[in-house]
Structures are given as C-alpha cells and as structure tokens.
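Here are the chains, one letter per residue:
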Amino acid sequence: MKNLRVRFAPSPTGYLHVGSARTFIFNWLYARHNHGTMVLRLDDTDVERNTEASVQSIFAGLHWLGFDWDEEYRQSERLALHRDAAETIFAKGLAYRDFTPAHSGDDETSSAQGAWLSNPGMRELSREESDRRAAEGEPFALRCRVPRGEDRTLRFVDGVYGAQSKLADEVEDFALLRSDGMPTYHLASCVDDADLRISHIIRGQDHLTNTFKHLLIFEALGVDPPQFAHLPLLVAPDGAKLSKRKHGPVVSVTTYRDAGFLPQAFVNFLCLLGWSPKNDRDFLSLNEIRDLFTLEGVNRANAVVNFTESASSPSEFGPFDPKAVWLNAEHIRALPIEELSRQLEPFFEEAGFHPSPEKLLAVTPLIRERIKLLREAVSAADFFFVSELAPYDPAELIPQKGDAEMARRVLQTAEQVLAKTPFDHDSLDKALREAAASLGLKAGPMFQPIRVAVCGRKNAPPLFETMVVLGRELCLARIRQAIARIASLG
RNA sequence: GGCGCUAUCGUCUAGGGGUUAGGACGUGAGAUUCUCAAUCUUAAAACCCGGGUUCGAUUCCCGGUAGCGCUACCA
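### Section: the sheet that holds strand β5 (residues 141-144)
Reading across from one edge, β4-β5-β8 is the order of the three strands in this open sheet, with antiparallel pairing throughout. Both edges of this open sheet fall to β4 (95-98) and β8 (175-177), since each of them pairs with a single strand only. Neighbour to neighbour, the strand axes of the sheet diverge by 40° on average, direction disregarded. With four bridges joining them, β4 and β5 adopt antiparallel strand pairing.

Put into structure tokens, the structure is as follows:
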C-alpha cells in the first residue's frame, strides 16, 4: 500500500514499558507487512516529566529488540506548528478561552453527578471580553468548542473494534492549550499526525474514547482523519494496567534483556498477547509474524501478562510469564551454536568469567538444552571456567545405594582409566562402562561420583562430553581432590 | 456517577447455530536416560448469569453481572 504511514509516539517519562514495546511492534508489523513507513515520534510536550535518559532508554530498548524505523521527530521541536494550529482553530471559532484557574488534585466535584462538560460561563464569553482579559494578561486554557445540542453523533470505524459512535453532547470541552501556552497531548498529537500524513493510528485501547475528541480536532484542522486501530491492553494478573509503581521491574523491557531473554523470543511472546496467527502455532520468527500479521488477527479483550506477583512466590525462573520463558528456551535451542555462544559471552563476562571464544563454543552445546534464560548459562557452566572447584558436600560423591568406600573405589578406578584412555567421547564411554562392569556396578552408581568430582555437583551436562571439554589433566586433578575429600569424610 | 470497551481451560488463544469445543504454556502421571535437561506418551482443566430468536444456542439479540478504559490545563 503506498503512502501507508504509521507512527509510534511514546512520551519519554520512563524506561520502555512492555506495553509500549508491543504497541511499537504492532505498528512496525503493520508497516512492514504493507510496505509502509514507520515513524517514531517522541511526544515530549510534558516538560515536567520528560527526561533525556528516558529517551535514550526507549531507543536502547527498541534497538535491543532489533527494530528500526524510517523517520524520527520530537514534538518539542514542533511547538510552533501546534500553536499555529491552535490559533487557527480559535480563529475559526471552534475553540474558546477558559479563564477558570486549573483545578488541582482529584476533587470529586465533577464525578458526583453525571459528566463535566465545560466550566460555567467560559464557553459563552464574548469575543470582546475574551480578548480584553487575554490582553490584560489573565492566564487561560484554550478549549475545544464541542458541538452542543445538535444531536451530532461522532463516528469512526476502528480497525480492531469495528464501528464506534458517541454523541458529541457527551464529549467534554477538552483543552487544546494549557494556560502556560503549551499544547495538550490531544492537540499536539493530532496536529502532528496530520502534518506527518499518518494514515493509520495504531495505539492502546486506552485511547479508544479519546478518538472522538481527536476526530473533532482533525475536523477543526480541516483534514480527513486517519484510520484508527486500537489494541487491547496488557494487564497484570490482578487485572490492573501494567505499571512500574504497582508491578515493579517486570514491566520494563530492560529487565527481560538483563535476565537473558533473546529479543526474538521476547518479541514472539509479546506478539502472542492480543494477536493470534490462528494456525495453532506459537513459536514464530519475526519474518513469519510479519508475513502473517493483520489487524483482523488482533483480538479485543485485554491480555494478562502472567508474571508472578511480588516476591511472595519466587519462581525458579524469576517473575516472568512461564510462556515467555518457554518461548525463550525454544528460541535458544533454535539458535546456531556459534550465535548462541556469542549471545552468552556478555553474561559470562559480567559474572567475572573470561572464557575464550573457543572454550565457550565447546561448552555451549552442552548447556543449550539446559537453560531457559541466557543468564542461567553462568551457573550451569561455571565449573568449566574455574581452576578450583567451589567447595561441595563430599557426601554428594556417594551414590544412592552406596557408601564412601564404593565412591572411593569408583574414583580410584576412574583415575586409572582416565590416565590411559584417549580423551574423546566414544573412548571414554567404552572404557568407563567397562570399568563399571569390572566393579560390578551399573552406569548410574559409577558415573555419579565421577560427575560430582569433575563438576562439583550432581546435576550437570552429560559426563563424557563434559570431560572432553575439561581435558584430561583437569579431570584427573579433580578426581584426586575428590578422593581426598572422601578420606576427610572419615 | 456518566460514557465506552470486553467476557472460551489457571494463563495466551482457535472455533463457531448442531463439534468428543481444538492448540500452546503451566500442572499431574508414565516412557526414555549416566544425573539434570531435552524428547515422547498421557491425564485433569473452559464457553460469566438470565431472558429471548430458533427444531437447536457457547456462538445471534437484549438485559444483568464483572473487569478494564476515558471522564486532567498526563500522555
């Protein structure tokens, strides 16, 4: 589709939120699916709350996810445009000055009965008096003069929610300009959408009812409104909208990155929240999603991000939605070893290990199926990179139905075998199994003491591959230490 | 309070006037295995309630209920 233009318009008041990220993704998918243009616009008109750090964090989050965009704007650099538009609307008589002081806080005066529509007297102020008071320097907000008593119905067809309508008489005279002269979100957003020729506005459902106001602004501007499509919201298990205050770091994209999510897995997860390919598939690449994506596939009910609330029930894989974790494990297994190895590297560095690329590449296949988050690789494979094993309980060396003496015999036999067996998988396999047979042991009781001696723990990757990577000398040294530890057991 | 939106297993969802209401995650059981994983098999688990329309509604309509959103000179 030519001239298809969408935009993602975050206000930089904090880190990149998972809900915002999903909104970006859906816009991006729609643009790329239809060969349109993706615009990134920073809606930074709220000078009090906007920070440059937040802008950077949004960029960082989007880049980590692997996305790009075609054009970039900042609303704060377009103020003149917004003010001109406000002036034009005022000149047309479609807006009026409201000299009522801004009411602070959350007083309940308006919510008691019915809806507030406008401040008394202000809408009816004569042009002369309005001009006079403005000239005297009295501060005012500029409000939209919403059609009254015309029995007018505002309508639009939403790309997701279908035909929508609302009586203009039920829309309040919302502000266009604040008393400090700054445009409100509604004005700035619509003016920019019009100026940037945005053809489709895809945003959160929290804007669904705001759209009627926006229709009025586009009309006042004398332009055709774009198409609208609203996305169901992402909510917490308690049903509330995701918020940093209430739900903590699980709503920040960086939390997923730092915990070891693969961007493609996280994107996959987010896309499945409120959208379905309708083909019973859930493990999808970005390209597949892009090809399959349509607004018709978006559903209308809010989706719960099923993270674990607070620290009340700490889960093995953190607070994350189990499906996100599972998808991440799937994507990890789908990655070529070289690529996975590269992805793992920073996590080892951060943990203070400095593995050589070759060593890491050798270890990666051994842990690939044992981790669900990249970060887990460190604890799953640390014993490959330390010269000295962390202290472990010598009792672990003793197999289920065995005793210290049996463990000692196993280890001594292993030491002899390992000293003279070629250090490759098949040779070790054969030699160790034969040794087990000669001791009258099954594989289990034979391998556990060796595994614990070599890895320092019971649960580890397969023994032979592990020993090959570790090398003969290190294995022998650790087995000797283990024998000593058993002796100390008494 | 007003207005709007929504409602299928615990969660994400498919489906749709007549179905054994499907899939996935998670959970239980089993198989496999040198441990842990992975893998395979398998089990339990849902159409919010009430009225219509209809031969027949989970599906269509209306009402209720619940949840969410908006109701700011936040976005």
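### Details of the protein's contact with RNA strand B
Around RNA strand B there are 71 residues in total, and Thr-100, Arg-178, Gly-274, Glu-369 and Arg-451 lie nearest to it. Counting only the atoms of RNA strand B within 4 Å of the protein, the fraction contributed by sugar and phosphate is 72%. For RNA strand B, a base nitrogen lies 2.9 Å from a polar atom in the backbone of Ala-102. In this structure, a phosphate oxygen belonging to RNA strand B sits 2.8 Å away from a main-chain N or O atom of Tyr-185. Elements supplying a minimum of two residues to the surface near RNA strand B: β5, β7 (162-167), α5 (185-195), α6 (210-221), β12 (303-304), α11 (322-334), α17 (443-455) and α18 (463-470). Looking at which element gives the most residues to the surface near RNA strand B, the answer is α11, with five residues. In terms of residue class, the surface near RNA strand B is made up of 25 nonpolar, 22 polar and 24 charged.

### A look at the state of the cysteines
Within the structure shown, the criterion is met by zero disulfides. The thiol sulfur of Cys-190 is not disulfide-bonded, and the nearest other cysteine sulfur, from Cys-144, lies at 10 Å.

The rules behind these values
- Residues numbered from 1 in each chain as written.
- Chains lettered and ligands numbered in written order.
- Predicted model: local features only at pLDDT ≥ 70, side-chain atom pairs only at ≥ 80, totals over all residues.
- Heavy atoms only, no water.
- Pairing = 2+ DSSP bridges.
- Helix = DSSP H or I, 4+ residues; strand = E, 2+ residues; numbered from the N terminus.
- Axes fitted to C-alpha atoms, helices over the stretch in contact; angles between N-to-C directions.
- Near = heavy atom within 4 Å.
- Polar contact = N/O pair within 3.5 Å; in protein donor to acceptor, adjacent residues only side chain to side chain.
- Nonpolar A, V, L, I, M, F, W, Y, C, P; charged D, E, K, R; others polar.
- Disulfide = S-S within 2.5 Å.

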